[in-house]
Amino acid sequence: MASVARRYPITAVLGTSAFGLSLAYYGYSRYQSAASQHRSYGRNGNFTISSVAEPDRLKTTFPGSGFTTLTLEESHMISHNVKMLRFKLPDGDAQSGLSPITSLLTRHTAEGAWIPTFRPYTPIDKDEPGHISFLVKRYPNGKGSGHLHSLKPGDTLSARPIHEFDYKPNQHSNLTIVAGGAGITPFVQIIRAVLSNPADRTNISLVYANSTDGDILLKSEFDELASKQPDRFKVNYVVSETSSSNDGTFYKGRITRQIIEQAMPARRDWNNTKVLICGPPPMIAAVAGAKGGFGWTQGSLGGMLREIGLDSKQVQKF
Ligand SMILES: Cc1cc2nc3c(=O)[nH]c(=O)nc-3n(C[C@H](O)[C@H](O)[C@H](O)COP(=O)(O)OP(=O)(O)OC[C@H]3O[C@@H](n4cnc5c(N)ncnc54)[C@H](O)[C@@H]3O)c2cc1C
């Protein structure tokens, strides 16, 4: 995931150097510009899967500029380090109205700090009116994840949308998605959007890597989608350590070039294929080459995807 790089502006500014300050400004203006760009996407700067079908009935929450205040309704741990957080939207009748793939840039100022912390998180719910939910993995000493895990019902969070990837039905014949850990969250929206649209013929192949099989997020949903639409959605789980209950359906170890090649369509169909990748920076570096500019740019294509002959235009790093 680009998170380590996206952290740089804030950590640098804590060092109070002029360089740190300019990095912080650069980081924040990038988010501003991403949000402005987002405003150009449809009604209220957003559209949803449901808005495609019923554009006039939709009432959306995020205006496309400025931060919106969300109130935590409830939260619970779903694994040893991942929490599900369900927030109330300011208008109980509205949906989030976020198009795939849009994340929310959260902002909070820690006690005693003089500069806010900004971190992106991706809503994973099915656009239920009045609510928005996140799955947040906690990192040791994590500023953003630690803050979200510490929130109690009634506490508030400021967030604004950042559009990460402009998805159009049938734009690609195949999407190969490579995700690591909580890096799956940006792709949940797009997987649901593609597979719930009968007019969309895009095939999706997911390579999803985790430390243990217990860390796999939303596994039952992915398994159900794969069993209902086996020609359109294939899942390949890769786990470093498998439990004794592993039934042999996982690849053991780390993502390899062979796993990716096996997940991708036949080489003759690569022209219209897009590979999307999000996960820990070392995983992104190994699979697709490191992001550039402290994580603010795509960086050149490297790693396994370059070795197998993909072009940088066919790959999007998050
Ligand atoms: C587009 C996008 C969407 C995202 N959506 C989600 C989401 O829905 N849910 C979610 O949980 N996260 C998501 N993230 C990651 C999130 O934004 C933060 O980067 C993450 O929570 C860590 O931030 P932190 O402030 O807690 O940790 P930091 O204070 O930045 O770092 C604390 C420690 O954790 C380590 N660390 C931080 N990030 C990672 C990582 N990715 N892998 C391994 N070690 C790491 C650091 O090395 C450091 O030692 C998303 C990231 C992007 C780019």
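Just above, that's the structure.
In short, a report on the structure. (Residues numbered from 1 in each chain as written. Predicted model: local features only at pLDDT ≥ 70, side-chain atom pairs only at ≥ 80, totals over all residues. Heavy atoms only, no water.)

Let's talk about the overall build of the chain
Phase 1 of the analysis: On a plain count of helices and strands, the chain comes out with nine helices and twelve strands.
Phase 2 of the analysis: Looking at the 318 residues of the chain, the share that counts as buried comes to 52%.
Phase 3 of the analysis: If you take every contact in the chain between residues at least 6 apart in sequence, the share linking residues at least 24 apart comes to 69%.
Phase 4 of the analysis: Just so you have it, the chain exposes about 14,400 Å², and 52% of that area is on carbon and sulfur atoms. (Helix = DSSP H or I, 4+ residues; strand = E, 2+ residues; numbered from the N terminus. Buried < 20%, exposed > 50% of the residue type's maximum accessible area, 1.4 Å probe, protein only. Contact = heavy atoms within 4.5 Å. Areas by Shrake-Rupley, 256 points an atom, 1.4 Å probe, with all protein chains shown as cover.)

Some thoughts on the nonpolar core
Phase 1 of the analysis: In terms of nonpolar packing, the biggest core is built from 33 residues, with Phe187, Ile190, Ile191, Tyr208, Phe222, Phe233 and Leu276 touching the most fellow members.
Phase 2 of the analysis: Contributing elements (two or more residues each) for this core: strand S2 (82–88), strand S7 (174–180), helix H5 (185–195), strand S8 (203–212), helix H6 (219–228), strand S9 (233–241) and strand S11 (273–278).
Phase 3 of the analysis: With seven residues, H5 is the single largest residue contributor to this core.
Phase 4 of the analysis: Excluding anything up to four places from it in sequence, Phe222 contacts Ile184, Val188, Ile191, Leu206, Tyr208, Leu217, Phe233, Val235 and Tyr237.
Phase 5 of the analysis: One finds Val178, Trp270, Leu301 and Leu310 within the second-largest nonpolar core, a separate group that totals 22 residues. (Core = buried A, V, L, I, M, F, W, Y, C linked by side-chain atoms within 4.5 Å.)

Things to note about the sheet that holds strand S3 (residues 102–108)
Phase 1 of the analysis: Taking strand neighbours across the sheet as the criterion, the six strands line up as S4-S3-S6-S1-S2-S5 in an open arrangement whose pairing is antiparallel. Each end of this open sheet is capped by a strand with a single partner; those strands are strand S4 (117–121) and strand S5 (131–137). Across the sheet, the axes of successive neighbouring strands diverge by a mean angle of 40°, strand direction being ignored.
Phase 2 of the analysis: Across seven bridges, the pairing between S2 and S5 is antiparallel. Along S5, the bridge assignment pairs Lys88 with His131.
Phase 3 of the analysis: Across the sheet, helix H4 (residues 143–150) is in contact with strand S1 (68–77), S2, S3, S4, S5 and strand S6 (156–163); its angle to S4 comes to roughly 80°. (Pairing = 2+ DSSP bridges. Axes fitted to C-alpha atoms, helices over the stretch in contact; angles between N-to-C directions.)

Side note on the packing of H5 against H6
Phase 1 of the analysis: Taken N-terminus to C-terminus, the directions of H5 and H6 make an angle of 25°; their axes are 12 Å apart at the nearest point. Overall, the two elements H5 and H6 adopt an arrangement that is roughly parallel. For the pair H5 and H6, the sense of crossing is left-handed. The residues of H6 that touch H5, namely those facing Val188, Ile191, Arg192 and Leu195, are Glu221, Phe222 and Leu225.
Phase 2 of the analysis: Classifying every residue of the contact of H5 with H6 gives five nonpolar, no polar and two charged. (Parallel < 35°, antiparallel > 145°, perpendicular 65-115°, else oblique. Left-handed = near helix turned anticlockwise from the far one by under 90°. Nonpolar A, V, L, I, M, F, W, Y, C, P; charged D, E, K, R; others polar.)

Some words on the side chain of Ser103
Phase 1 of the analysis: In this structure, Ser103 sits in strand S3.
Phase 2 of the analysis: Assessed through its relative accessible area of 3%, Ser103 is described here as buried.
Phase 3 of the analysis: A polar contact of 3.1 Å, which involves the side chain of Ser103, links it to the side chain of Thr122.
Phase 4 of the analysis: Beyond its immediate sequence surroundings of up to four residues, Ser103 is in contact with Pro120, Tyr121, Thr122, Pro123, Arg160, Pro161, Ile162 and Glu164. (Polar contact = N/O pair within 3.5 Å; in protein donor to acceptor, adjacent residues only side chain to side chain.)

Let's talk about the pattern of salt bridges
Phase 1 of the analysis: By the definition in use, this model includes eight salt bridges.
Phase 2 of the analysis: Arg86 is the partner of Glu73 in a salt bridge, and the nearest nitrogen-oxygen pair spans 2.5 Å. With Glu73 in strand S1 and Arg86 in strand S2, the pair connects residues that are 13 residues apart, well separated along the chain.
Phase 3 of the analysis: Arg86 gets classed as buried once you look at its relative accessible area, which sits at 19%.
Phase 4 of the analysis: Here Arg192 ties to Glu221 by a salt bridge, and the two come within 2.7 Å at their closest N and O atoms. One end of the pair, Arg192, is in helix H5; the other, Glu221, is in helix H6, with 29 residues separating them in the sequence.
Phase 5 of the analysis: Overall, the relative accessible area of 14% leaves Arg192 in the buried class.
Phase 6 of the analysis: The exposure class assigned to Glu221 is buried, which follows from its relative accessible area of 17%.
Phase 7 of the analysis: A cluster of three or more residues bridged by salt bridges with shared partners is formed by Arg257, Glu261, Arg267 and Glu307. (Salt bridge = Lys/Arg side-chain N within 4 Å of Asp/Glu carboxyl O.)

Let's talk about the sheet that holds S9
Phase 1 of the analysis: If you trace the six strands from one edge of the open sheet to the other, you get S10-S9-S8-S7-S11-S12, paired in parallel fashion. Here the strands that pair on one side only, and so sit at the sheet edges, are strand S10 (251–252) and strand S12 (315–317).
Phase 2 of the analysis: Relative to S10, S9 is paired through two bridges, and the arrangement is parallel. Paired with Val239 across the strands is Lys252, a residue of S10.
Phase 3 of the analysis: Along the sheet, H5 makes contact with S7, S8, S9 and S11, crossing S7 at roughly 150°.
Phase 4 of the analysis: In this fold H6 packs onto S8 and S9, with an angle of close to 145° to the strand it touches most, S9.

No statement about biological role is implied by the geometric values presented.
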